[in-house]
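These are the residues of each chain, in order.
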Amino acid sequence: MTITRVRIRSRLLCGVLAVCVLPICSPAYGKGDLSAAPTSIRFGAVQVGSRAQQYATITNHSTLSMTLSKSNTSGSGFSANGLTLPMTLASGQSVTVTIAFAPQAGGSVTGSFYVSSKSGHSSAAVALSGSGATAGQLNVSPGALNFGNVNVGTTSTLSSSLSASGSSVTVSSVTSSSSEFVLSGFSLPLTIAAGQTVPFRVSFDPQSSGSVSATLSFISSYTPSVTQSLSGSGVTPVQHSVSLTWIDGSSGISGYNVYRSGVSGGPYTKINSSLVPLTAYTDTAVAASQTYFYVTTAVNTSGVESKYSNQVQVLVP
């Protein structure tokens, strides 16, 4: 900006008024007299619908006061606050400008903030850049888990996984609509980067007989809750047993031992903890669809045990 002051000097010469115009000062601002710090601002990725802000400082480096009269912000989603124009900055004085980025759509954006003096001879600019990040999508796989029949009092576990697409997603909480289904495998909060997969496990621990269904709900940032369907049936296990009887006419017998094997001809394992006083025994430690082979021995009053009896084969249904 250039200021020109004039002094008018006049005198009368031969009846003619003569006027002389003399410049007395011509101060001007240079291009470096106004500066911005920083000269560029990068906002990085900002979620669409959100707002981020940073700050720029405008400083008058000249030896004179300077009046700021014009400013402009370009680029979709960028805005500036903190300047009420016209504004006069004394020599060395600064003003802080708040520059915000609120993307309305996904993708990269560039722009600038510009301010200039009243004369337009001095100006400062800040380059702006950022990108709009669309909401991440949380996915659970598979969408449903069926545990089938599980014996009451036992636990069955199945594997599953969470993944994110679009952008990162933070899972803040997980709820199960039934205490018989329990999730494990990660701790909360859990941030999943786009393209990342996080495994987890779901356990089913039926407390009573009957069908059970439930829902796991995953609450995350920027996305609706994602659910996984769970189902299973608690069943009361069938108690199988094998009843054995035998005939022994020997005298002086204190009791009997019962031996079992999974292979015909042995080797056999004694299954009674103490001598069986009668010629009958019930084996309750058997499983369905298994074949067992039994023999017995007699123990006399002197503690002498007889040889194995004949072998009996039993198929448990």
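The residue numbers shown here count from 1 along each chain, following its written sequence. Only residues with pLDDT of at least 70 are given local features in this predicted model, and only at 80 or more are side-chain atom pairs given and counted; all residues enter the totals for whole chains, interfaces and linings. No hydrogens and no water enter the side-chain calculation; it runs on all heavy atoms of the structure.

Draft legend 1. Fine view of the pairing of strand β15 (residues 169–176). The criterion for strand pairing is that DSSP finds at least two bridges linking the strands in question. The secondary structure listing takes helices from DSSP runs of H or I that are at least 4 residues long and strands from runs of E that are at least 2 residues long, numbered from the N terminus. Pairing of β15 with strand β17 (residues 190–192), which is carried by 3 bridges, proceeds in the antiparallel orientation. Bridge pairing links Val169 to Ile192 in β17.

Draft legend 2. Main features of the confidence of the model for the protein. Mean pLDDT for the protein: 88, with 90% of residues reaching 70 or above. Confidence scores here are pLDDT values: one per residue, from the predictor, ranging 0 to 100. By the convention used here, residues are in contact when the closest approach between their heavy atoms is within 4.5 Å. Segment residues 1–27 is flagged for pLDDT under 50; beyond a separation of four residues in sequence, or across chains, it makes 35 contacts in the model.

Draft legend 3. Quick look at the environment of Ser71. By the secondary structure assignment, Ser71 is in strand β6 (residues 66–74). Here the alpha-carbon distance between Ser71 and Ser116, two residues 45 residues apart in the chain, equals 6.4 Å. Dropping the residues within four chain positions of it, Ser71 is found in contact with Leu83, Leu85, Phe113, Tyr114 and Val115.

Draft legend 4. The arrangement of unusual backbone geometry in detail. Backbone torsion omega between Ser141 and Pro142 reads -5 degrees, so that peptide bond is classified as cis. Residue Gly266 is joined to Pro267 through a cis peptide bond whose omega torsion reads 10 degrees. Position of Pro267 among the secondary structure elements: in the loop between β22 (253–261) and β23 (269–270).

Draft legend 5. Fine view of the pairing of strand β21 (residues 242–245). Whether a residue is buried, partly exposed or exposed follows from its accessible area with a 1.4 Å probe, protein chains only, as a fraction of its type maximum: under 20%, in between, or over 50%, in that order. Alternating positions in β21 separate cleanly, Val242 and Leu244 being buried on one face and Ser243 and Thr245 remaining unburied on the opposite face. Across 4 bridges, β21 lies against strand β24 (residues 280–283) in antiparallel orientation. Looking at the pairing, Val242 lines up with Asp283 of β24.

Draft legend 6. Examining the side chain of Ser116 more closely. Locating Ser116 in the fold gives a position in strand β10 (residues 107–117). Note on Ser116: relative accessible area 2%, which makes it buried. With sequence-adjacent residues up to four places away left out, Ser116 is seen in contact with Leu34, Thr67, Leu68, Ser69, Lys70, Ser122 and Ser123.

Draft legend 7. Structural detail: the sheet that holds strand β13 (residues 144–151). The 5 strands lie next to each other as β13-β20-β19-β15-β17, forming an open sheet whose pairing is mixed. Each having just a single partner strand, β13 and β17 make up the two edges of the open sheet. Going from strand to strand, the sheet's axes swing by 30 degrees on average, the running direction of each strand aside. Sheet topology places β13 next to strand β20 (residues 226–235); 6 bridges connect them, and they run parallel. Each bridged residue has a counterpart across the sheet, and for Asn151 the counterpart in β20 is Val235. Only the stretch in contact is used when a helix axis is fitted, and all axes are lines through C-alpha atoms; the angle between N-to-C directions ranges over 0 to 180 degrees.

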